[in-house]
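# Structural overview for review
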Amino acid sequence: MLKRDFYLRDANSVAPDLLGKILVHKTKAGLTSGMIVEVEAYMGGNDKGAHSYLNKRTARTEVQFGPGGYAYIYSIYGMHCCFNVVTNVIDKPEVVLVRALEPVEGIDLMMKRRNTQNVVELCNGPGKLCAALEITKDHYAFDLCGEELYIDEYSDISAADIGVSPRINIDYADEYANCLWRYYIRDNKYVSKVARKYKSEKTLG
């Protein structure tokens, strides 16, 4: 798995480097994994799109104020979990939201969990991938340098193959809504379905 030092950088450095890495979850039911194909960076205190905007420290955001390499999990609509990677050093509350995976191992188990036979749509959204890999709020603050839920090397992705765009559905973030802090593998069919305005031809390289 990736070492702690990988995560002890700002979220916009870690985010594109996560593309092509593999997210693995070992459970009693079996191992499931997927290659990370889409992420978003949330830059902490000054970022109006971040839960930790203005360095707001609450029970929910507490893990973000520790060192990078831990899981930040929250729910949306009271039912779907979102998996985030805590980045940077202590008291720099930044995270990377993992938005989509390309399924790799345990696909049958993921299909059973999601009650679908559609492989392309198994993990093409933050709530979907959490359901498929059985990542729940119980995994809040999990050490990603452990042996149960972790990220490892998998595939090298060139800068020219990384697309950038504004993050999804954060119009409330004012001037930060247009920051190009979403990164994804171009032409990968497992990237989440998004509105046309998020389909950018701009690349990292």
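Report follows, based on the coordinates. These numbers come from a predicted model, not from an experiment. (Residues numbered from 1 in each chain as written. Predicted model: local features only at pLDDT ≥ 70, side-chain atom pairs only at ≥ 80, totals over all residues. Heavy atoms only, no water.)

### As for the nonpolar core
Short version of the rule: Throughout this description, the term nonpolar core refers to a set of buried Ala, Val, Leu, Ile, Met, Phe, Trp, Tyr and Cys residues connected via side-chain atoms within 4.5 Å. Any residue under 20% of the maximum accessible area for its type is buried, any over 50% is exposed, and the rest in between are partly exposed; the area is computed with a 1.4 Å probe on protein chains only. Counting from the N terminus, the helices are DSSP H or I runs at least four residues long and the strands are E runs at least two residues long. Contacts were defined at the residue level, with two residues in contact if any of their heavy atoms lie within 4.5 Å.
In this structure, Leu18, Leu23, Ile36, Val39, Phe83 and Tyr183 are the most contacted members of the largest nonpolar core, which totals 45 residues. Counting residues per element, this core draws most heavily on strand S2 (residues 30–42), at 5 residues. Sequence-distant contacts of Val39, defined by excluding residues within four places in its chain, comprise Ala15, Leu18, Leu19, Val96, Leu97, Val98, Arg99, Trp181, Arg182 and Tyr183. Counting residues in hydrophobic clusters, the runner-up holds 12 residues, among them Ala50, Tyr72, Tyr74 and Ala173.

### With respect to helix H4 (residues 126–133)
Most of H4 is tucked away: 6 of the 8 residues are buried. Those residues of H4 lying buried are Pro126, Gly127, Leu129, Cys130, Ala132 and Leu133. Looking at the buried side of H4, the elements it contacts are strand S1 (22–27), S2, strand S4 (80–87), strand S5 (94–105) and helix H3 (107–114). Two residues or fewer past H4, Glu134 is found with a positive phi of approximately 55 degrees.

### Side note on the pattern of salt bridges
Heads up, the condition is: A pair is scored as a salt bridge if a Lys or Arg side-chain nitrogen falls within 4 Å of a carboxyl oxygen belonging to Asp or Glu.
Considering all chains together, one arrives at 13 salt bridges under this definition. In this structure, Lys21 and Glu153 form a salt bridge, with 3.8 Å as the shortest nitrogen-oxygen distance. Residue Lys21 is found in the loop between helix H2 (11–18) and S1, and its partner Glu153 is found in the loop between strand S6 (149–152) and strand S7 (162–165); the two are separated by 132 residues along the sequence. Judged by relative accessible area, Lys21 falls into the buried class, the value being 10%. Within this structure, Glu38, Glu40, Arg99 and Arg182 form a network of salt bridges that share partners.

### What to know about the layout of surface pockets
What counts, and what does not: The pocket and cavity definitions rest on a 1 Å grid over protein atoms only: a 1.4 Å probe that fits but cannot leave marks a cavity, an open set with protein on both sides within 12 Å along at least five of seven lines marks a pocket, and residues lining either have an atom within 4 Å of a point. Grid points are joined across faces, edges and corners, and a volume is the space filled by probe spheres set on the points.
Size it by volume and the largest pocket reaches roughly 450 Å³. Lining the largest pocket are 21 residues; nearest its centre among them are Tyr74, Ile76, Leu97, Ile168 and Asn169.

### Let's talk about unusual backbone geometry
Of note in this structure, Asn55 is not a glycine but carries a positive phi near 55 degrees. Positionally, Asn55 belongs in the loop between S2 and strand S3 (71–76). Asn55 gets classed as partly exposed once you look at its relative accessible area, which sits at 44%. A positive phi angle, close to 70 degrees, is found at Ala141, a residue other than glycine. In this structure, Ala141 sits in the loop between H4 and S6.

### A short note on H3
For H3, every residue scored as buried is listed here: Leu109, Met110 and Met111. Buried positions along H3 lie against S2, S5 and H4. Remark: Asn115 follows H3 within two positions and exhibits a positive phi of approximately 55 degrees.

### A few points about the side chain of Thr87
Note the following rule: Polar contact is the term for a pair of N or O atoms within 3.5 Å; when the atoms are in protein, one must be able to donate a hydrogen and the other to accept it, and sequence-neighboring residues count only if both atoms are side-chain atoms.
Residue placement: Thr87 occurs in strand S4. Of the residues examined, Thr87 reaches a relative accessible area of 0% and is grouped as buried. In this structure the side chain of Thr87 is engaged in a polar contact, spanning 3.5 Å, whose partner is the backbone nitrogen of Ala11.

### What about the pairing of S2?
Here is the rule: Following DSSP output, two strands are said to pair if at least two bridges run between them.
Within S2, 11 of the 13 residues are buried, which leaves it mostly tucked inside the rest of the structure. As judged from the 6 bridges shared by S1 and S2, these two strands associate in the antiparallel manner. Bridged to Ile22 within S2 is Met35. Count of turn residues in the S1/S2 antiparallel hairpin: 2 residues.

Interpretation in functional terms is not warranted from these geometric data alone.
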